[in-house]
Amino acid sequence: MAKYVGERVKRFEDPRFIQGRGKYVANLTLNNMAYVAIKRSPYAHAKINSIDTSAALALPGVIAIYTGKDLQDSGVGALPCGWLVPGTKVPVRHALVTDKVCHVGDSVAAVVAENPYIAEDALDLIEVDYDPLPAAINARHTTESGAPQIHPDIENNISYSWELGEKEGAEKAFAEAEANGHVVKIDLINQRLVPNAMEPRACVADWNGFTEEMTLWTTSQNPHPIRLLLSAFTLGIPENRLRVISPDVGGGFGSKIFHYPEEVIVPWISREISRPCKWVATRSESFMTDSQGRDHVSEAELAMTAEGTITALRVKTWADQGAYLSTFAPLIPTAFYICLLSGLYKIPNVYGIAHGTLTNTVPVDAYRGAGRPEASYVVERLVEEAARVMNMDSIEFRRHNFIGVDEFPYQTPVAMAYDSGDYNKLFDKAVEFASYQELRDAQAKARKEGRLVGIGVAGCIEASGPAPSKIAGALGAAVGFWESGVIRVHPTGKVSLMTGSHTHGQGHETAFVQVVADELGIPMEDIELIHGDTGKVPFGMGTYGSRSASVGASALVISAGKVREKMKRIAAHQLEAAVEDIVYDQSNGTMYVSGSSDKAMAFGEISFAAYTAHNLPDEMEPGLEETSFYDPANFTFPNSAHIAQVEIDRHTGEVTVQKYFAVDDVGNVINPMIVEGQIVGGIAQGVGQALWENTVYNEDGQLLSGSFLDYAMPRADGFPRINTDRTETPSPHNPLGVKGCGEMGTITSTVTIANAVVDALAPLGITHMDMPFTAQKIHSAIANKLPVAAD
């Protein structure tokens, strides 16, 4: 029986964060360090006629100023796109642009100075002669006739189009539903979001001219892929002479996966001036340079029989990719979106098409959930509307269409093969947990009193732990999705774990140690986790897509098995027994001969014997260290049932979330406390989108919501107690039986609140409204008794 896995172990990493001892890139100071600031475009679309740096160069303390021509003349390459679906047209993106800017905040020039204040002052002295051009805004409008062309070689601003599913079957099913059943249609906008991690992006670079080696500290979720991109595509420094370190990263949520211009500019300058260099983004820079999320415009429809059985789902989406393709941008509206359009339901015909469109805005890429919240929003808004049309209870309609527990593994019409699940059991627990019938009874009473109370229900699925690498490659990935895990047992029995995954708040330093402590039968205090340093850890793929436990920890489990086997052979040799007679007591790490408890060796004794090597089996190498590269056979598919109650003030339009219940199936659980924290945090992020967050550009491409004065973030006082519970259907695709949990809360909560708000407004005849559900928007809708458009 496991000693640590499944227990509510307090996180090892929390004391240093609480006490202000975190190691962040922004806090790093090196001897003789210079400081970099970036001149950014005030225009969304403009030609650059000239750049005059003379006045800025004359400012005391300015070391140098560089433009895009300087970088390109030295051989610096364009930033690559790491996921290309068939037919993708990739706009060229340089770290510093030379001839034309394509969004507000585009990088134009770089100042390096003796301190950050001089560098910032010098930016104001750089004179850039711009010739403004018309801007193309809005995911769909940018493709329409007459829209400004952003990149001359990409017609109609469509970078790619990708379709999947049963197109002919869907057409037939819709034709039948039009005649004999029902068709539900909704036009949806999934608005753009700004990530706003706690720690803004930062990087420090140090070029050692003597050894010709570069060290880069950067706020990245995946330091090894960043090193690869810097080496092979942008800077051209050989990988063996390039070390990338990502220490504590104060939140990422996807926005710190990508290869950013500053990660090219800063090390290039460091090499040019032979001094360490540092750049730290201001919050304003984060708003206009960090890759943003969501921004889908969709036409969605669902066909069903007269009895309410879903027969087809069809979706057409315009996905705004911004001015350039960020590192993994095409993945999100394709394999991570269309492939999830079956939801929890047995839908024989699913068809989706996505157009990746370009606009004069900040690039868009993965943001917590990355495609799955967008898919869930489409599916669950359609399902909710279908239940209303059929005059069926929301949960009853869902149950009528669930995939049955005996149908797993279940092959959907859109590529994904679900691993495990019991959706009826999931909703049984949610109904009981939330006292669902009591909520409905109280709602009916409130409506009689004229109050606008809504109950929101959603059941969602996620594809987590992207895999396997062969399938990812076939879908357009430039990298694999395996993970590395090293276990190094030291002579004294202490253990170092090295993972290619990366932690930025998920609790890896605790959960990974729990797993290995059980696998080896030693105390957690004897184990350390090392990550985020390409100079210490074998190549790994980083953290995103809720992959850390299912892929990263699984690699460590396999390595632990190899360690145990070697230790058994050593113990068998020294105890003069057959290997098959050695019993490994994982409760205390002791190995003994079956039937003879006095013939035993402790974990530390065996590890010491491995290094002294005085008495090892013939041909056995000394030492005790094992490495594994784990490439999972499939995704895992966590799923959830959330129920929320909201009330809307008739007079102001303000939405109050009164109750929230979440039941999630994330497979086996390593640490319930960490899982609950991830779910609650994800729910807060999803509710933030539903009620408050919105990225607004005007027709000229100016970011109108470029600060916390204009961009509303979720706050603790906007939430009731979030109640969480779970069911467990282990995944058969990894040795731990785990599924991802880091994004599930966000994936489900957004549409749960959306359904609750629409349900509250239903007595007024309002059947749909686009997010965010601001007081002003709802007040206007109530006054007019009509749905209103998105901001």
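On a predicted model such as this, the values are computed, not experimentally measured, just so you know. (Residues numbered from 1 in each chain as written. Predicted model: local features only at pLDDT ≥ 70, side-chain atom pairs only at ≥ 80, totals over all residues. Heavy atoms only, no water.)

Asks: Talk me through the overall build of the protein; I want residue IDs and the actual numbers.
Replies: Regarding its fold elements, the protein presents 19 helices and 28 strands. Taking 791 residues into account, the globule formula puts the C-alpha radius of gyration at 28 Å, and the protein, at 28 Å, falls close to it. Judged by the C-alpha coordinates and their principal axes, the protein covers about 85 × 75 × 50 Å. Out of the 791 residues belonging to the protein, those deemed buried represent 62%. (Helix = DSSP H or I, 4+ residues; strand = E, 2+ residues; numbered from the N terminus. Rg over C-alpha atoms; globule rule 2.2 N^0.38 Å. Buried < 20%, exposed > 50% of the residue type's maximum accessible area, 1.4 Å probe, protein only.)

Asks: Would you mind going over the pattern of salt bridges in detail, with residue names and values included?
Replies: Summed over the entire model, instances satisfying the criterion amount to 39 salt bridges. Lysine 739 serves as the salt-bridge partner of aspartate 665, at 3.4 Å between the closest nitrogen and oxygen. Residue aspartate 665 is located in strand 27 (residues 655-665), and its partner lysine 739 is located in the loop between strand 28 (722-727) and helix 18 (744-761); the two are separated by 74 residues in the primary sequence. What makes lysine 739 buried here is its relative accessible area of 4%. Arginine 726 is the partner of glutamate 728 in a salt bridge, and the nearest nitrogen-oxygen pair spans 3.2 Å. On the basis of relative accessibility, which here comes to 37%, the residue glutamate 728 falls in the partly exposed class. On the basis of relative accessible area, arginine 726 is assigned to the partly exposed category, the value being 24%. If you follow the salt bridges from partner to partner, you end up with Arg40, Arg201, Glu262, Glu285 and Asp290 in one network. (Salt bridge = Lys/Arg side-chain N within 4 Å of Asp/Glu carboxyl O.)

Asks: Outline the sheet that holds strand 8 (residues 182-193), listing residues and values.
Replies: What the five strands build is an open sheet, ordered 7-15-14-13-8; its pairing is mixed. In this open sheet, the two edge strands, each paired with only one partner strand, are strand 7 (158-165) and strand 8. Taking each pair of neighbouring strands and ignoring which way they run, the sheet shows an average axis angle of 10°. Contacting strand 7, strand 8, strand 13 (293-304), strand 14 (310-320) and strand 15 (349-357), helix 5 (residues 167-180) runs over the sheet at an angle of about 120° to strand 14. (Pairing = 2+ DSSP bridges. Axes fitted to C-alpha atoms, helices over the stretch in contact; angles between N-to-C directions. Contact = heavy atoms within 4.5 Å.)

Asks: Can you explain helix 6 (residues 223-234)? Please cite residues and give values.
Replies: Most of helix 6 sits out of view: nine of its twelve residues are buried. Within the span of helix 6, buried status applies to Pro223, His224, Pro225, Ile226, Arg227, Leu229, Leu230, Ser231 and Thr234. Of the surrounding secondary structure, the elements contacted by the buried residues of helix 6 are strand 10 (213-218), strand 11 (242-245) and helix 7 (262-273).

Asks: Account for unusual backbone geometry, naming residues and giving values.
Replies: Following phenylalanine 408, the chain continues to proline 409 via a peptide bond in cis, the omega torsion being -5°. Note that proline 409 resides in the loop between helix 10 (394-401) and strand 16 (410-411). With an omega dihedral of -10°, the bond running from methionine 771 to proline 772 counts as a cis peptide bond. Looking at the secondary structure, you find proline 772 in the loop between helix 18 and helix 19 (775-784). The backbone phi angle of asparagine 391 is positive, close to 60°, even though this residue is not glycine. Positive phi, normally seen in glycine, also occurs at glutamate 619, with a value near 70°. Looking at the secondary structure, you find glutamate 619 in the loop between helix 16 (603-612) and strand 25 (625-630).

Asks: Please provide a residue-by-residue account of the sheet that holds strand 22 (residues 582-585), values included.
Replies: Ordered in space as 22-23-24, the three strands form an open sheet in which the pairing is antiparallel. The open sheet has two edge strands, strand 22 and strand 24 (596-601), and neither has a second partner. Strand-to-strand twist in this sheet, taken as the mean axis angle between neighbours without regard to direction, amounts to 35°. Where strand 23 (residues 590-593) lies against strand 24, three bridges are found, and the strand directions are antiparallel. The residue bridging valine 593 from the neighbouring strand is serine 596, located in strand 24.

Asks: Account for the nonpolar core, naming residues and giving values.
Replies: Judged by nonpolar contacts, the single largest core of 111 residues is most densely connected at Leu341, Ile753, Val757 and Leu761. For this core, the element with the most residues is helix 18, which contributes nine residues. Not counting residues up to four positions away in its chain, the partners in contact with leucine 761 are Leu452, Ile648, Ile766, Met769, Ile778 and Ile782. In terms of nonpolar packing, the next biggest core, distinct from the first, is built from 43 residues, Ile582, Tyr584, Ala610 and Leu736 among them. (Core = buried A, V, L, I, M, F, W, Y, C linked by side-chain atoms within 4.5 Å.)

Asks: Report on the packing of aromatic side chains, specifying residues and quantitative values.
Replies: Within the structure shown, the criterion is met by 19 aromatic pairs. Pairing tryptophan 83 with phenylalanine 481 gives two aromatic rings, centres 6.0 Å apart and planes at 25°, and the pair type is stacked. Taken together, the residues tryptophan 83 in the loop between helix 3 (68-73) and strand 4 (100-101) and phenylalanine 481 in the loop between helix 13 (469-475) and strand 19 (483-489) connect sequence positions 398 residues apart. In this structure phenylalanine 481 comes out as buried when scored by relative accessible area, which is 4%. An angle of 70° between the planes, with centres 5.9 Å apart, marks the rings of phenylalanine 402 and tyrosine 423 as edge-to-face. Residue phenylalanine 402 is located in the loop between helix 10 and strand 16, and its partner tyrosine 423 is located in helix 11 (residues 423-434); the two are separated by 21 residues in the primary sequence. Both residues of the pair, phenylalanine 402 and tyrosine 423, belong to the buried class. The structure contains a cluster of three or more aromatic residues connected by ring pairs, namely Phe336, Tyr410, Tyr418, Phe635 and Phe637. The side chain of arginine 16 reaches across the aromatic face of phenylalanine 17, ending 4.7 Å from its centre. (Phe/Tyr/Trp six-rings, centres within 6.5 Å; stacked < 30°, edge-to-face > 60°. Lys NZ or Arg CZ within 6 Å of the ring centre and 35° of its normal.)

Taken by themselves, the reported measurements are silent on function.
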